[in-house]
Amino acid sequence: MKPIVTLAAVLLFAGGAEAGDVYVTRDAKGNTVYTDTPQTVPAEKVGIRSASTDPAEVQKRYAQDMKEYAAGDQAYTKAAEKQADASKARELTAQDRAKRCADARQRYQSYLYAQRLYETGPNDERRYLTSDEIDAARADAKQVMDEFCGDR
């Protein structure tokens with residue numbers, strides 16, 4: 001009678017086990033064994049649930065993560081390129097400003113030391129400036145030079 005009760009208890013206990021439950025038992029050497037299908041009757045149910053992993057779901061989640069990583073990498077690359085372009089633009093602006101400063105300085109000095117200034121007409125004819133026009137041209141050249149070279 002005792003073997004029948006034991007067999008019935010094992011069948012009831014094993015039949016009542018859910019696939020996601022985790023049980024702890026001891027093997028013949030006394031080592032702790034965690035399993036979802038207990039092999040011995042004195043198995044104790046642990047409050048941890050396990051679930052099998054769906055390979056399709058894992059692949060789908062992996063693909064989604066890779067898309068997010070790629071988008072983040074692309075955004076980082078664009079930001080780095082934009083920063084490099086801005087740096088290059090500042091550098092070109094500085095070079096351009098230095099060139100304009102040199103040109104404006106040369107123009108001002110040529111106006112300052114020239115005894116006679118002229119404007120070229122439509123048919124390459126020269127019209128010489130009056131003293132007042134020369135003073136105004138020199139003042140304009142000085143203003144342009146100060147604008148481009150003022151912060152140096």
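Scroll up for the structure.
Model, not experiment: these values are computed from the prediction.

## Some words on the overall build of the protein chain
Phase 1: Helix and strand counts for the protein chain come out as three helices and five strands.
Phase 2: Counting helices and strands in the order they occur from the N terminus, the protein chain gives α-β-β-β-α-β-β-α.
Phase 3: A buried classification covers 13% of the 152 residues belonging to the protein chain.
Phase 4: Taking all contacts inside the protein chain whose residues are at least 6 apart in sequence as the whole, residues at least 24 apart take part in 43%.
Phase 5: In the structure as shown, the protein chain presents an accessible area of about 12600 Å², 53% of it carried by carbon and sulfur atoms.

## Considering the nonpolar core
Phase 1: Membership of the largest hydrophobic core is limited to seven residues, which are Cys101, Ala104, Tyr108, Ala141, Met145, Phe148 and Cys149.
Phase 2: If you tally residues by element for this core, the top one is helix H3 (residues 131-149), at four residues.

## What to know about a nonpolar patch on the surface
Phase 1: A contiguous nonpolar surface patch, about 350 Å² in accessible area, is contributed by Tyr62, Met66 and Tyr69.
Phase 2: Its location among the elements puts Tyr69 in helix H2 (residues 55-113).
Phase 3: A relative accessible area of 55% means that Tyr69 is categorised as exposed.

## A short note on the pattern of salt bridges
Phase 1: By the definition in use, this model includes five salt bridges.
Phase 2: Of the charged contacts, one joins Glu133 and Arg127 as a salt bridge, the two residues approaching to 3.3 Å between their closest N and O atoms.
Phase 3: The class for Glu133 is partly exposed, based on a relative accessible area of 30%.

## Quick notes on the packing of aromatic side chains
Where two aromatic rings form a pair, the distance of their centres and the angle of their planes describe that pair.
Phase 1: By the definition in use, this model includes one aromatic pair.
Phase 2: Ring geometry for Tyr118 against Tyr128: centres 5.7 Å apart, planes inclined by 65°, an arrangement best described as edge-to-face. Taken together, the residues span a long stretch of sequence, with Tyr118 in strand S4 (residues 118-120) and Tyr128 in strand S5 (residues 126-128) at a distance of ten residues.
Phase 3: Using a relative accessible area of 36% as the deciding quantity, one classes Tyr118 as partly exposed.
Phase 4: Stacked on the ring of Tyr128, the Lys or Arg Arg116 has its end atom at 4.1 Å from the ring centre.
Phase 5: A cation over a ring is seen here: Arg126 above Tyr118, with NZ or CZ 4.2 Å from the ring centre.

## Looking at H3
Phase 1: The end-to-end C-alpha distance of H3, which contains 19 residues, comes to 26 Å, matching closely the 27 Å that a straight helix rising 1.5 Å per residue would cover.
Phase 2: Taken as a whole, H3 has its buried residues at Ile134, Ala137, Ala141, Met145, Phe148 and Cys149. Down the axis, H3 shows its buried residues gathered within 85° of arc, on one side only. Facing away from the buried surface of H3 by more than 90 degrees, the exposed residues are Asp132, Gln143 and Glu147.

## Considering the environment of Val24
Phase 1: Checked against the element boundaries, Val24 lands in strand S1 (residues 21-26).
Phase 2: For Val24, a relative accessible area of 17% gives the class buried.
Phase 3: Linking Val24 and Val46, residues 22 residues apart in sequence, is a C-alpha distance of 6.7 Å.
Phase 4: Other than its neighbours up to four places away in sequence, Val24 contacts Thr32, Val33, Tyr34, Pro42, Ala43, Glu44 and Val46.

Here is what the cut-offs are and how they apply
- Residues numbered from 1 in each chain as written.
- Predicted model: local features only at pLDDT ≥ 70, side-chain atom pairs only at ≥ 80, totals over all residues.
- Heavy atoms only, no water.
- Helix = DSSP H or I, 4+ residues; strand = E, 2+ residues; numbered from the N terminus.
- Buried < 20%, exposed > 50% of the residue type's maximum accessible area, 1.4 Å probe, protein only.
- Contact = heavy atoms within 4.5 Å.
- Areas by Shrake-Rupley, 256 points an atom, 1.4 Å probe, with all protein chains shown as cover.
- Core = buried A, V, L, I, M, F, W, Y, C linked by side-chain atoms within 4.5 Å.
- Patch = residues over 30% accessible without salt bridge, like charges linked within 9 Å, V, L, I, M, F, W, Y side chains within 5 Å.
- Salt bridge = Lys/Arg side-chain N within 4 Å of Asp/Glu carboxyl O.
- Phe/Tyr/Trp six-rings, centres within 6.5 Å; stacked < 30°, edge-to-face > 60°.
- Lys NZ or Arg CZ within 6 Å of the ring centre and 35° of its normal.
- Expected span 1.5 Å × (residues − 1).
- Arc of directions from axis to C-beta.

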